[in-house]
Amino acid sequence: MSEAAHIVADPARQENVTRILDCAERLFRHYGYGKTNVADIARELGMSPANIYRFFASKVEIHQAVCGRMLGASYKMAYEISRLPLSAEERLRRYVHAQYKMTTEVMLDDQKVHEMVIVALERDWAVIDKHVDSIHDLFAEVIRQGIEAGEFRDQDPVIASRCFGAATVILCHPQMVAQCLAKTNRAMPDDLIDYAIKALK
């Protein structure tokens, strides 16, 4: 059995992993990613650093797991919205609004991108690209359904989904959201979403 499979299969181990990740995320947010080390996480949990290393090989691995959880929550939200018994247009609208809300509430603090989010984006981890692809796939299907229902014009739903994502990325990408929150000369979320949806029609 692989280490990853073992983590999932062993409830006691998974409980420790969750505790470590909860604590790490809290410390990353409070003190910053660069100023937090494995010893800090261990001390906060009343563990030895050696015990932390039984679950994660390094701080980078902990960071990847924390970011993976954030992306997982984002995907779960997107999936649930994509399956709602609503029009394709309304599902697209709800998703962008929900992702914007999640980005501002979970990934940002005082209108600044959390350091751990910046580091993850700069390292260009494959998990982030996979997440973007997964979101595009979900909403390509929503757009396909919209085309079949006559809401949207006939078009390639895969390309349309990528273009819709690019048009609304300023509402979903943490660094872009942070840069635009205090600006008064940027499109408002509802206006931008309306514009992107009109392009599908």
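This one's a predicted model, so the numbers in the text were calculated from it and none came from an experiment.

Q: Is there a simple way to explain the overall build of the chain in this structure?
A: On a plain count of helices and strands, the chain comes out with 11 helices and 2 strands. Taken from the N to the C terminus, the helices and strands of the chain come in the order α-α-α-α-α-α-β-β-α-α-α-α-α. Principal-axis analysis of the C-alpha atoms gives the chain an extent of 60 × 45 × 25 Å. By residue count, 40% of the 201 residues in the chain fall in the buried class. Separation of charge centres in the chain, based on 25 positive and 28 negative side chains, amounts to 3 Å.

Q: Is there a simple way to think about the layout of surface pockets in this case?
A: One way to see where empty space is left: roll a probe the size of a water molecule over the atoms. Of the pockets and cavities examined, the largest pocket occupies roughly 700 Å³. Lining the largest pocket are 29 residues, and of these Ile-128, His-131, Val-132, Cys-172 and His-173 lie nearest its centre. Looking at the lining of the largest pocket, its residues break down into 19 nonpolar, 8 polar and 2 charged. Looking at the second largest pocket, its volume works out to about 210 Å³. For the second largest pocket, the full set of lining residues is Tyr-100, Ile-170, Leu-171, Val-177, Cys-180, Leu-181, Lys-183, Arg-186, Ala-187, Met-188, Pro-189 and Leu-192. Within the residue set of the lining of the second largest pocket, elements represented by two or more residues are helix 10 (174–180) and helix 11 (189–198). Tallied by class, residues from the lining of the second largest pocket come to 10 nonpolar, no polar and 2 charged.

Q: How do you make sense of helix 11 when you look at a structure like this?
A: Three- or four-residue spacings in an α-helix give side chains the same orientation, since the helix completes a turn every 3.6 residues. Those residues of helix 11 that sit buried are Pro-189, Leu-192, Ile-193, Ala-196 and Ile-197. Along the axis of helix 11, the buried residues cluster in a sector spanning 130 degrees; they form a single face. Helix 11 presents Tyr-195 and Lys-198 as exposed residues on the side facing more than 90 degrees away from its buried surface.

Q: Looking at this model, I keep getting lost on helix 7 (residues 115–123). Mind explaining?
A: Within the span of helix 7, buried status applies to Met-116, Val-117, Val-119 and Ala-120. Buried residues of helix 7 fall within an arc of 160 degrees about the axis and therefore sit on the same side.

Q: What should I look at first to understand the pattern of salt bridges in this one?
A: Any two side chains of opposite charge can pair if their charged atoms end up close together. Counted under the stated rule, the structure contains 13 salt bridges. Glu-44 is paired through a salt bridge with Arg-26; the nearest N and O atoms lie 3.8 Å apart. Of the two residues, Glu-44 is situated in helix 3 (residues 38–45) and Arg-26 in helix 2 (residues 11–31); the sequence distance between them amounts to 18 residues. By relative accessible area, Glu-44 is classed as partly exposed at 47%. Arg-26 sits in the partly exposed class, given a relative accessible area of 44%. One salt-bridge network, held together by shared partners, links Asp-22, Glu-25, Arg-29 and Arg-69.

Q: Teacher, can you tell me more about the packing of helix 8 (residues 126–148) against helix 9 (residues 157–168) here?
A: Geometrically, a packed helix pair is captured by the angle between its two axes and the distance between the axes. Their axes nearest at 8 Å, the elements helix 8 and helix 9 cross at an angle of 115 degrees. By crossing handedness, the relation of helix 8 to helix 9 is classed as right-handed. Residue-level inspection shows His-136, Phe-139, Ala-140, Ile-143, Arg-144 and Ile-147 of helix 8 in contact with helix 9, the latter providing Pro-157, Val-158, Ala-160, Ser-161, Arg-162 and Gly-165. Looking at side-chain class alone, the contact of helix 8 with helix 9 contains 7 nonpolar, 3 polar and 2 charged residues.

Cut-off values and rules
- Residues numbered from 1 in each chain as written.
- Predicted model: local features only at pLDDT ≥ 70, side-chain atom pairs only at ≥ 80, totals over all residues.
- Heavy atoms only, no water.
- Helix = DSSP H or I, 4+ residues; strand = E, 2+ residues; numbered from the N terminus.
- Buried < 20%, exposed > 50% of the residue type's maximum accessible area, 1.4 Å probe, protein only.
- Lys, Arg positive; Asp, Glu negative; His and termini not counted.
- Charge placed at Lys NZ, Arg CZ, Asp CG, Glu CD.
- 1 Å grid on protein atoms, 1.4 Å probe; cavity = no way out; pocket = protein on both sides within 12 Å on 5 of 7 lines; lining within 4 Å.
- Points joined across faces, edges and corners; volume = space filled by probe spheres on them.
- Nonpolar A, V, L, I, M, F, W, Y, C, P; charged D, E, K, R; others polar.
- Arc of directions from axis to C-beta.
- Salt bridge = Lys/Arg side-chain N within 4 Å of Asp/Glu carboxyl O.
- Axes fitted to C-alpha atoms, helices over the stretch in contact; angles between N-to-C directions.
- Left-handed = near helix turned anticlockwise from the far one by under 90°.
- Contact = heavy atoms within 4.5 Å.

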